[in-house]
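# Descriptive structure summary
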Amino acid sequence: MNALLQQVGHWLRGTLAITGRELLSLFVTPLAYLVGTLFLLNQGWNFSVLLSVLNQPLAARGPVMQFFFGGSIFIFWLPVVFICSAVSMRLIAEERRQGTLEALLTAPLQPSQVVIGKYLGALGFYVALWLPTGSFYLLLRGASGPTMAPDLGPILSGYLGTFLVGASFLAVGLVFSAFARSQLAAAIGTFVSCTIVLLAGLLTDQVDVFLAKILSWTSLLGMMQELAQGIVDGRWVWLHLAVVIAAISVAITAINPRRDWQSVVQSALVCVAAGHLAVFAGRHAERDDWTAGQVYTLSDRAKDVLDQLVGPVDVVIVVPATIGNGRPNPVRGELREVLTRMGGAAKQGVLRVSTVDPDVDRQEAERLIEDFGLSGRELPEGVVLIRAGQGSGLRRAHLLPNELVTYATGPEVQANGPRVKSFRGEEALLGKFLEVSDPLSIAVCYTQGHGEPAFDDLEPFNGYAHLRDLLRDANLETKLADLGDDAALAECDVLLIAGPTGVFAADEVAAIRRFAARGKDLLILAGAKYVPGKPMLADHGLEPLTAEYGIHFGDRLVVDPHEVPGGTSKVGFTVVEGWADHAAVRSLVLQPVALFEVRELWVDGDAVALASCSEQGWAESGLLEFQLSGKLDPSDDGDRRGPIPVAAAGVRGDSRLVVVASDHFALNAWLREDVAYSHNRDLILNLIGWLTQREVLMGIRPRDREHVKLVLLPEQLQRMTWMCLFGLPGFAIGLGLLVLWRRRQ
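By the naming in an unreviewed UniProt entry, the protein goes by Gliding motility protein GldF and is assigned to Enhygromyxa salina.

Set out below in structure tokens:
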């Protein structure tokens, strides 16, 4: 064991000695600082041009560094390929030209020490070249301020991609330098080879399926686009590690003076082993999200649904790669990302995803559209086809782009093409997966005839059409409840009573009580209804029924100083911190929900308050004065101080009841998908998911994709431009002069 450790230590010392020699030869020569100065000048120029372009009024929105790392071949890729070719060309070829390679190999050094030492030295120099560009982040942060500072995660992942690409390109250059007789031949071979590999990623949509999978799996363009967004797939690390291992193995064999057929076979076996490592390790690699908001990470609820998903479920993405004058289709990229993560979260073989580009394979796309009974009008923008089962059990569903994304609007969209503002495909896809794989249907029946808003009314403040659509999108059946027919009512799983202004008759209350006695569930949304000219709130006749569950309605209006953003004529407030640690609302903790015209509640027995107003809130008893003057006074003797329950849950036998003391919060105006400041949609789905004991139905919030527009004042832009053009190259020049002065000393 000691002998082995001594051998390893000896090998490491020799390798590090070569690494130090290589770094010294790079950092003490004027040529190295000339290369560094030109490289930083190029990077500074590219970044300043990028700032100038993105600062224009109609320029595309998005993080600046995302465009820097993944936006252009000329801004990022050309300098990388050039610098890797220039640095690697001299590693072995220069030693051979000067006649020092034989001297190195006759010293007590192994070929592996020489090759790996030189490679590490070149890699260290490459990293040193990129370090000053970290000032780009400091410039952006200084210009935007701490509140609008660029997300550091995608920037770090972009630099990770830069390191991986440089490591592989330098390894390829090392191989050419080991075989070439001149530095120029090595540089040309490296440049051409790396460029071919780079541009091969553009052919993904132009070749057959098998080759397209290989090109997609190895596409460097796709890799940097993902990393620039903050998406870090572990398979890229394994892929580049395999390239480095294989290249170093080939270079070691190439310079070995005692090379024979056995060493060649060993090198070939190492290359095969490295390839297998990349494939098998890549299949099990994690796909991380380095963004600060975790915008690409699946929600915990989505993972639970996918883990319970019964398959196989086939998903065919029939979406064109380009849309509108050849511009990239943003929906396709969003679908590819979310379905890749969903495939990793589901059990092996449960979720099978394939892609068909209707612009490339029109015949296959039309066949699929016809098989799903669609008209074909969906092809220009695309459609997602989902199916499960076979024969008579075959179930189909589909999703259109407007069901998956919300597009941004504005003049810059017309100039730069479509851009996704928010992505709600996670919830939409999961709903369709459940629809085709889980035939169990949950019926939500709603009451009418007591002043409830209509479920087909699209009026913003007088209808529940968006509530109906929300339930249907969650794979819930919605239909009108017939309280006069017990048999028809028995077909319902949840009875939804939303916004009654009248009183339920005694026989109707009895029918609801019989419904609950069968173990069925109730969801009551009932807010404050004023009795004109009287200091009291109107009853709806359900108070004795809810009291049996331990939930009681009061006669006061709940008021809270936490106002709803945007303002409203209704008495409303936002619940943020008043959530209970209960399964129905646990995912809403610290999430805002806007409630309006809230009636006070109190609970006893086993009932639980799900949400309460803040300690600064109160229950207003002066309702008559409020109706006359509109004034609210928290100092009245009859007022009740907060926190006051505004939503509660109770259980009686097998029946569950949830009461939300507001019905306006479910109106169309507050259930729009673009209402970002309130989680009303999530609250409703969470409550129904808890009532039916199917938590997989609970809502998933759309993921915001909107990026802040770069806006710089003219003096800021000028200052940053001067810093890029003169600060970075000046740093390299100053460092070179310092090294020259120290050497002369």
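On to the UniProt feature "transmembrane region" (unreviewed entry) in the protein, then. Under the UniProt annotation, "transmembrane region" (unreviewed entry) lies at residues 23-45, 65-87, 119-139, 159-179, 184-203, 236-255 and 720-741. Counting secondary structure, residues 119-139 comes out at 81% helix and 0% strand; the distance between its end C-alpha atoms is 33 Å. Helix makes up 100% of residues 236-255 and strand 0%, whereas the separation of the span's terminal C-alpha atoms amounts to 29 Å.

The next thing to look at is the packing of aromatic side chains. With the rule as written, the count across this model stands at 15 aromatic pairs. For the pair Phe69 and Tyr159, a centre-to-centre distance of 5.0 Å together with 75° between the ring planes defines the contact as edge-to-face. In this pair, Phe69 sits in helix α3 (residues 64-70) while Tyr159 sits in helix α9 (residues 152-179), placing the two residues 90 residues apart along the sequence. Under the relative-accessibility criterion, Phe69 is labelled buried at 1%. Grouping aromatic residues by their ring pairs yields a cluster made of Phe39, Phe47, Phe68, Phe69, Phe76, Trp77, Tyr126, Trp130, Phe136 and Tyr159. Stacked on the ring of Trp236, the Lys or Arg Arg235 has its end atom at 4.2 Å from the ring centre. We note Arg396 situated over the ring of Phe372; from NZ or CZ to the ring centre the distance is 5.8 Å.

Moving on: the state of the cysteines. Overall, the coordinates contain one disulfide when judged by the stated rule. Just so you know, Cys194 is unpaired, no disulfide at all, and the nearest cysteine sulfur is the one on Cys84, 6.9 Å from it. Given a relative accessible area of 3%, Cys194 falls into the buried group.

This part is about the sheet that holds strand β8 (residues 395-399). Here four strands make up an open sheet; going across it, the order is β6-β3-β7-β8 and the pairing mixed. Of all the strands in the sheet, just β6 (351-356) and β8 have a single pairing partner and so form its edges. Ignoring strand direction, the axes of neighbouring strands in this sheet form an average angle of 20°. Across five bridges, the pairing between strand β7 (residues 383-388) and β8 is antiparallel. Looking across to β8, one finds that Ala388 is bridged to Arg395. Contacting β3 (313-318), β6 and β7, helix α16 (residues 330-345) crosses the sheet at an angle of about 160° to β6. Sheet strands touched by helix α17 (residues 362-371): β3, β6, β7 and β8. Its angle to β7, the strand with the most contacts, is close to 55°.

Criteria and cut-off values
Residues numbered from 1 in each chain as written. Predicted model: local features only at pLDDT ≥ 70, side-chain atom pairs only at ≥ 80, totals over all residues. Heavy atoms only, no water. UniProt positions renumbered as here; feature names shortened; annotations may be inferred. Helix = DSSP H or I, 4+ residues; strand = E, 2+ residues; numbered from the N terminus. Phe/Tyr/Trp six-rings, centres within 6.5 Å; stacked < 30°, edge-to-face > 60°. Buried < 20%, exposed > 50% of the residue type's maximum accessible area, 1.4 Å probe, protein only. Lys NZ or Arg CZ within 6 Å of the ring centre and 35° of its normal. Disulfide = S-S within 2.5 Å. Pairing = 2+ DSSP bridges. Axes fitted to C-alpha atoms, helices over the stretch in contact; angles between N-to-C directions. Contact = heavy atoms within 4.5 Å.

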